[in-house]
Amino acid sequence: MSTLPVEDPHHALHVMPGVKGGHDGLPGHLRVVVPVAHHHRRRAVPVAELAEGVLAGDRVMLARAITLVESNAPAHFEQAQELLTRILPRTGGAVRVGITGVPGAGKSTLIEALGMMLVEQGKKLAVTAVDPSSILTGGSILGDKTRMERLSAHPSAFIRPSPSGGALGGVARKTRETILLFEAAGYDVVLVETVGVGQSEVTVRSMVDFFLLVLAPGAGDELQGIKKGVVELADTVLINKADGASRNLALMSRGDYERALHYIQPSTEGWMTPALAASAATGEGLPELWAKVQEFLDHTRSRGLFAQRRQDQERSWMRAMVEEQLRERFFSDPRIQALLPELEQAVAGGILPAASAAARLLKAYDGE
Ligand SMILES: Nc1nc2c(ncn2[C@@H]2O[C@H](COP(=O)(O)OP(=O)(O)O)[C@@H](O)[C@H]2O)c(=O)[nH]1
Ligand SMILES: [Mg+2]
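Now for a description of the structure that goes with this document.

**Here's the deal with the layout of surface pockets**
Step number 1: Counted as a void, the largest pocket has a volume near 720 Å³.
Step number 2: Contributing elements (two or more residues each) for the lining of the largest pocket: α2 (59–70), α3 (74–87), α7 (168–184) and α12 (305–332).
Step number 3: By residue class, the composition of the lining of the largest pocket is 13 nonpolar, 13 polar and 7 charged.

**A word on empty space enclosed by the protein**
Step number 1: Following the criterion strictly, the structure yields 2 cavities of 30 Å³ or more and no others.
Step number 2: When its volume is computed, the largest cavity comes out at roughly 70 Å³.

**Quick look at the packing of aromatic side chains**
Step number 1: One pass over the full model with this rule turns up 7 aromatic pairs.
Step number 2: For the pair F182 and Y187, a centre-to-centre distance of 6.2 Å together with 65 degrees between the ring planes defines the contact as edge-to-face. Taken as a pair, F182 and Y187 share a single burial class, namely buried.
Step number 3: Relative to F296, the ring of F210 lies with its centre 5.1 Å away and its plane at 75 degrees, an arrangement referred to as edge-to-face. Of this pair, F210 sits in strand β8 (residues 210–215) while F296 sits in helix α11 (residues 286–302); the two residues are 86 residues apart in sequence, bridging distant segments of the chain.

**Some details on the environment of I111**
Step number 1: One can find I111 in helix α4 (residues 107–120).
Step number 2: The class for I111 is buried, based on a relative accessible area of 0%.
Step number 3: Note: C-alpha distance between I111 and A280 (169 residues apart in sequence) is 8.2 Å.
Step number 4: Ignoring anything within four residues of it in the chain, the contact list for I111 reads I99, M116, V127, M148, L151, L191 and E193.

**Regarding the site of ligand 1**
Step number 1: Near ligand 1, the surroundings consist of 16 residues, among which G104, K107, T109, R147 and D243 are the closest.
Step number 2: In the model, an oxygen atom of ligand 1 is placed 3.0 Å from a nitrogen or oxygen of the K241 side chain.
Step number 3: Here an oxygen atom of ligand 1 sits 2.9 Å away from a polar atom, N or O, in the main chain of A280.
Step number 4: In terms of residue count, the dominant contributor to the shell around ligand 1 is α4 (3 residues).

Reading the values: rules and limits
Residues numbered from 1 in each chain as written. Chains lettered and ligands numbered in written order. Predicted model: local features only at pLDDT ≥ 70, side-chain atom pairs only at ≥ 80, totals over all residues. Heavy atoms only, no water. 1 Å grid on protein atoms, 1.4 Å probe; cavity = no way out; pocket = protein on both sides within 12 Å on 5 of 7 lines; lining within 4 Å. Points joined across faces, edges and corners; volume = space filled by probe spheres on them. Helix = DSSP H or I, 4+ residues; strand = E, 2+ residues; numbered from the N terminus. Nonpolar A, V, L, I, M, F, W, Y, C, P; charged D, E, K, R; others polar. Phe/Tyr/Trp six-rings, centres within 6.5 Å; stacked < 30°, edge-to-face > 60°. Buried < 20%, exposed > 50% of the residue type's maximum accessible area, 1.4 Å probe, protein only. Contact = heavy atoms within 4.5 Å. Near = heavy atom within 4 Å. Polar contact = N/O pair within 3.5 Å; in protein donor to acceptor, adjacent residues only side chain to side chain.

Encoded structure:
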């Protein structure tokens, strides 16, 4: 019996190995039973029921389903995949939006304001994050729910903090699968927040339809600490804080970016990446921002780019997972570990060509 590493031990998942799912029609799977806290009593929930709960939009079931896909326990992998296989036909329905920008740019404030605007229009909104700092520290940028007070209390909004622990690849898998669960639960818009200072924005770009870069007014993106190349990933650049004393500066920055964006390769074919100014604090410019998202969706859907991008994302995600696992198996193989130090030394010392060393390692791995 294994237990999920979750905050609340009463919500932990338990797996009973060797018990076949009776009515699921999927062969060879373990049966997952999820204890649900009910007036201090817990009820076991089979994975089929978990899937039904997610599809019915049950928030408790959705939270448990996400906990299952976030589990690092090998025993949970098959259960999570069975769950995802069941809900997959009902996924894909949301607009997936990535939001990046350095800390302090106003991403969380923007998500609160834009999110409230959308739920008041009757939309169901889900929010999560890919947080490179939580990978290192176990912390979370969405721990700051103080900036999303109204949104997190709204019945049409569901906020899930960034999965923590493990490498970026693992966090990316969990986030992608969480997006699928959001969609199966009927959320129309999914926002994925990340920090624009490293590799995580490339990761988030690869799982969303539309990618927004949020900047503070004034300093250019590189002075703000935005990594080179991140502007090129964006489908829209938003200069935030266009209010009060910084309003004019924001409008000037917007103009500067609009001109600069003419000279870079657009992130999406045929889409001239625009620069907008807005205020997450006052809400000014947010209807225009959302109108831009709609315009982008019309552009990409009418040209088949929307579906194409999603298919490409799925394919490259599959390949990336294979590559990651092959690499892991290769370098943890005892034959490789035995050979590697001496070959590395020979290569570094200029005694052996790198390609020859690589060929010897691969031969050893193949058992030749
Ligand atoms: N004046 C003004 N301040 C803002 C705006 N948006 C965010 N802020 C402030 O900027 C700081 C950082 O905001 P936050 O949303 O936490 O940024 P994040 O780190 O990108 O998520 C906070 O003090 C916010 O109150 C805005 O539109 N106008
Ligand atoms: Mg934030």
